Amino acid sequence: MKSSVTISTVKSLKGAWIFQDDISICIPKAKKIGFDGVELFTASADEIDAKFLQKLLSDNQIVLSAVATGAGKVLHNLTLTSPDKTVRAKAIEFIKRMIDFGAIFNAPAKIGSMQGNIGKNNREDALAGLTECLNELGRYARQRNVDLLFEPLSHLSTDVINTVADGIEIIKKAGEDNIKLLADLFHMDIEEMDIAESIKKAAGFIGYVDFVDSDRKPAGMGHIDLKSAVDALKSIGYDGFLSAEASPWPDSQTAAEQTMKTFKLLCT
Ligand SMILES: [Mn+2]
């Protein structure tokens, strides 16, 4: 398994990112602590110059593990379950640009909060629309030789897809085998009966793991049984990234170091 750490370049937002600053500052820090990769949350796909990022990555001998698409919702109000067809089309375009950007670095795009919320709209229509969007985006990603990551979120964040089982079901319906499940341990702690059992049932589907503890604390600073989760990942032969998508608690540097300590203890 490989380690990664989240970097947000959007200073106006508060969220579960270990680092929140310019990539020229954060990437060397991530390398120094020992991470194999960095995950980026940016306002849009054209915020960062790809050549600049390429140079930073190669100078620091570190890779881009994934790109997040959540800014499409939080900054631009776009979701894949909007009843408004124009909004859905814009959401798809936003994600396609992120797929393009990630693909330069062989990094998949993450779809989490872009699934939106159904609220009082028709659930069947919303899920059918989401399935269609995932199919289109999965095919788009495949043409660029990258996976697409779909993430169930807890009911505190969405009423669309909350559990690993429902995530697998919609991925199967979308019908593209490069669409992988993103297992976020924070969301799973809220929604799953037994995190390790759910991981085992998701064998073959998991393409990325958000490595985080309860209440979005850095791994090792909460009450999730991370050892049993990691052992379950080992048992299904998972060899992808464990990405620290956690609060910078008590501060970025400590959160990053604590995550790395936990990663080394459990995963190597
Ligand atoms: Mn997540």
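Below or above, wherever it landed, is the structure these notes cover. Within each chain, residues carry numbers counting from 1 in the order of the written sequence. Only residues with pLDDT of at least 70 get local features here, since the model is predicted, and only at 80 or more are side-chain atom pairs given and counted; chain-wide, interface and lining totals rely on the full set of residues. As a convention, hydrogens and water are excluded, and side-chain values are obtained from all of the structure's heavy atoms.

This part covers unusual backbone geometry. The amide bond that connects Trp249 to the next residue, Pro250, takes the cis arrangement and shows omega of -5 degrees. Looking at where Pro250 falls in the secondary structure, it is placed in the loop between strand S9 (241–244) and helix H10 (252–267). Backbone geometry at Asn145 places phi at a positive 60 degrees, although glycine is not the residue there. Relative accessibility under 20% of the residue-type maximum defines a buried residue, over 50% an exposed one, and the middle range a partly exposed one, all with a 1.4 Å probe and only protein chains included. A relative accessible area of 69% means that Asn145 is categorised as exposed. A positive phi is found at Asp215, a non-glycine position, where the angle reads about 55 degrees. Secondary structure elements follow DSSP: runs of H or I of four or more residues count as helices, runs of E of two or more count as strands, with numbering from the N terminus. Structurally, Asp215 is set in the loop between strand S8 (206–210) and helix H9 (226–235).

With that settled, the discussion passes to the coordination of the manganese ion. Metal sites are built from N, O and S donor atoms within 2.8 Å, or 3.2 Å for Na, K and Ca, and they leave out water, so they may look incomplete. Each protein donor to the manganese ion is listed here as Glu151 (OE), Asp184 (OD), Asp210 (OD) and Glu245 (OE); together their distances run 2.0 to 2.1 Å. Along the chain, the residues donating to the manganese ion fall in the pattern E-x32-D-x25-D-x34-E. Of this pair, Glu151 sits in the loop between strand S6 (148–150) and helix H6 (164–174) while Glu245 is found in the loop between S9 and H10, placing the two residues 94 residues apart along the sequence. In this structure, Glu151 and Glu245 share a single accessibility class: buried.

As a further point, take helix H1 (residues 23–33). Restricting attention to buried positions, one finds in H1 the residues Ile23, Cys26, Ile27, Ala30 and Ile33. Along the axis of H1, the buried positions cluster into a sector of 130 degrees, meaning they face one direction only. Whether two residues are in contact is decided by their heavy atoms, any of which lying within 4.5 Å being enough. At its buried positions, H1 is contacted by strand S1 (2–8), strand S2 (19–20), strand S3 (37–41), helix H2 (50–59) and H10. Looking one or two residues beyond H1, the residue adopting positive phi is Gly34, at roughly 110 degrees. Directions are taken from the helix axis to each C-beta atom, and the arc is the one they span.

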